[in-house]
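# A closer look at the structure
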Amino acid sequence: MRYWWVNQNQTFRHEFEGGYLWSPKRKSDGKRNAFYESMREVAPGDLVFSFADTRIRAYGLVASFAYENPKPTEFGSVGRNWESVGWRVDVTWQAVPTVVRPVEWMDLLRPLLPAKYSPLLPDGRGVQSVYLTELPAPFALQLSHLVGREVEAIARRETVAEPTVPAEAAHPELVLWEEHIRSRIESDSSLPETERTALVLARRGQGLFRQRVRERESRCRVTGVDRVEHLRASHCKPWRDSDNFERLDGENGLLLTPSIDHLFDRGFLSFREDGRILVSPVAHTPSLVKMGVPLDPGFSVGGFTAGQARYLEFHRDEVLLKSYRAGA
């Protein structure tokens, strides 16, 4: 289990009632933000403390890995400069038994503050530039003790069972977003009917997109399976993030077995330009082994074309769950 602090002054009610965390992917100037990147590090079973209006108001257990999701409509004018698509993490929230103002407990908390990315100043004031940041265990345990015994009991567990929510049921907004894109394509009279059909089929790795990927790829890069009926055409830059050219570009695809396609699509693994596998630390290593992922650091899936390398760079930057390690 890891411990996290989230500042929710503007969005506490929406995220608490909706059962989630949401952040943009980047700052308004397009630069990376370490606290938005933290969304890609949380994992099911992690414990999150919610700070709003100078108080710890709620705690939650993470119920999903991060996934792309449109900005919640309930945010309204809040964060009008934020991107329209960001990261969402599902969280099971509960109000804390005892609402705590950290400023009143700094004699206990100050010595335990993290040296980097602290959510609090030494005087107890919150750091508003911090959205989501990891807490060191001693700080988290002391904070959980202050807000209630039941929270402390959760915090002291070494592991928490992962939720068993089906992936499709857990991400309805993602499905609705893709359906909106599909509907927009189907109603675009400027596109020939054959192209509209090809673009819609490409969403599931079918039709013209699959044909173009097969012109470049003949087997699963990871498992070596070369029977076409057992392979899926997977987008490196996801269909929902691509423009119409990219949705049909054969360079934007790999042939993968269904299990490897799942890992690649969800950001549990990716590939370096030299062909070595990148595995996210949130991936479950025993499951990877059972799914046929070679974990030898020297293993290579082979080289990529310049076009494939460009799309894989997007996958590493925007899809792969963070703080990855190579071949392990």
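Quick summary incoming for the structure in this document. Note that the structure is predicted; figures quoted are calculated from it, not measured.

Next up on the list: the overall build of the protein. Looking only at helices and strands, one finds 13 helices and twelve strands in the protein. For the protein, the C-alpha radius of gyration of 22 Å lies close to 20 Å, the compact-globule estimate for 328 residues. For the protein, the spread of C-alpha atoms along the principal axes amounts to about 65 × 50 × 35 Å. For the protein, with 328 residues in total, the buried portion stands at 51%. Sequence-distant contacts in the protein: of pairs separated by 6 or more residues, those separated by 24 or more amount to 72%. In the form shown here, the protein has an accessible surface area of approximately 15,500 Å², with 50% of it arising from carbon and sulfur atoms.

On inspection of all chains with the given rule, the structure shows ten aromatic pairs. Judged by centre distance (4.9 Å) and plane angle (35°), the ring pair of Trp5 and Phe51 falls under tilted. Highlighted residues: Trp5 in strand 1 (residues 3-7) and Phe51 in strand 3 (residues 47-52), separated in sequence by 46 residues. Of the two residues, Trp5 and Phe51, both sit in the buried class. The ring of Trp239 is capped by Arg203, whose NZ or CZ atom sits 5.9 Å from the centre of that ring. Directly above the aromatic system of Tyr311 lies the positively charged group of Arg310, at a separation of 5.0 Å from the ring centroid.

All of the buried residues in helix 9 (residues 207-214) are Phe209, Arg210 and Val213. Taken end-on, helix 9 shows its buried residues confined to a sector of 95°, consistent with a single buried face. Each element contacted by the buried residues of helix 9 is listed here: helix 8 (193-202), strand 8 (232-235), helix 10 (244-248) and strand 9 (253-256).

Leaving glycine aside, a negative phi is the common case for residues, and trans is the common case for peptide bonds. The phi angle at Thr54 is positive, at roughly 70°, despite the residue not being glycine. With respect to the helices and strands, Thr54 occurs in the loop between strand 3 and strand 4 (55-62). Unusually for a residue other than glycine, Tyr117 sits at a positive phi of about 60°. For Tyr117, the position within the fold is in the loop between helix 3 (106-109) and strand 7 (132-135).

Here Phe264 is to be found in helix 11 (residues 258-265). Through-space distance from the C-alpha of Phe264 to that of His315 is 8.8 Å; in sequence the pair is 51 residues apart.

This brings us to the pattern of salt bridges. Throughout the structure, instances matching the rule amount to 27 salt bridges. Notably, a salt bridge pairs Arg88 with Asp90, separated by 3.1 Å at the nearest N-O pair. Per residue, the accessibility class of Arg88 equals that of Asp90, and both read buried. Arg216 is the partner of Glu215 in a salt bridge, and the nearest nitrogen-oxygen pair spans 3.9 Å. Given a relative accessible area of 38%, Arg216 falls into the partly exposed group. If you follow the salt bridges from partner to partner, you end up with Lys25, Glu68, Glu178, Glu179, Arg182, Glu186, Arg203 and Arg240 in one network.

Turning our eyes to something else, we now look at the side chain of Glu251. By the secondary structure assignment, Glu251 is in the loop between helix 10 and strand 9. Judged by its relative accessible area of 16%, Glu251 is buried. A polar atom in the side chain of Glu251 sits 3.5 Å from the backbone nitrogen of Gly307. Ignoring any residue separated from it by four or fewer positions in sequence, one finds Glu251 in contact with Arg216, Thr305, Gly307, Gln308 and Tyr311.

The next thing to look at is the pairing of strand 3. By the criterion of burial, strand 3 is predominantly enclosed, with six of the six residues buried. Neither face of strand 3 is open: one carries Leu47, Phe49 and Phe51, the other Val48, Ser50 and Ala52, and all of them are buried. Taken together, the five bridges between strand 1 and strand 3 define a ladder with parallel strand orientation. Bridge pairing in strand 3 links Trp4 to Val48.

Moving on: the nonpolar core. In this structure, Leu21 and Phe271 are the most contacted members of the largest nonpolar core, which totals 63 residues. The element contributing the most residues to this core is strand 6 (residues 85-100), with five residues. With residues near it in sequence (within four places) discarded, Leu21 still touches Val6, Gln8, Glu15, Met39, Trp87, Arg88, Val89, Val91, Trp93, Tyr131 and Leu132. Among the nonpolar cores identified, the runner-up in size contains 23 residues, and Tyr3, Phe139, Ala140 and Val147 belong to it.

Calculation notes
Residues numbered from 1 in each chain as written. Predicted model: local features only at pLDDT ≥ 70, side-chain atom pairs only at ≥ 80, totals over all residues. Heavy atoms only, no water. Helix = DSSP H or I, 4+ residues; strand = E, 2+ residues; numbered from the N terminus. Rg over C-alpha atoms; globule rule 2.2 N^0.38 Å. Buried < 20%, exposed > 50% of the residue type's maximum accessible area, 1.4 Å probe, protein only. Contact = heavy atoms within 4.5 Å. Areas by Shrake-Rupley, 256 points an atom, 1.4 Å probe, with all protein chains shown as cover. Phe/Tyr/Trp six-rings, centres within 6.5 Å; stacked < 30°, edge-to-face > 60°. Lys NZ or Arg CZ within 6 Å of the ring centre and 35° of its normal. Arc of directions from axis to C-beta. Salt bridge = Lys/Arg side-chain N within 4 Å of Asp/Glu carboxyl O. Polar contact = N/O pair within 3.5 Å; in protein donor to acceptor, adjacent residues only side chain to side chain. Pairing = 2+ DSSP bridges. Core = buried A, V, L, I, M, F, W, Y, C linked by side-chain atoms within 4.5 Å.

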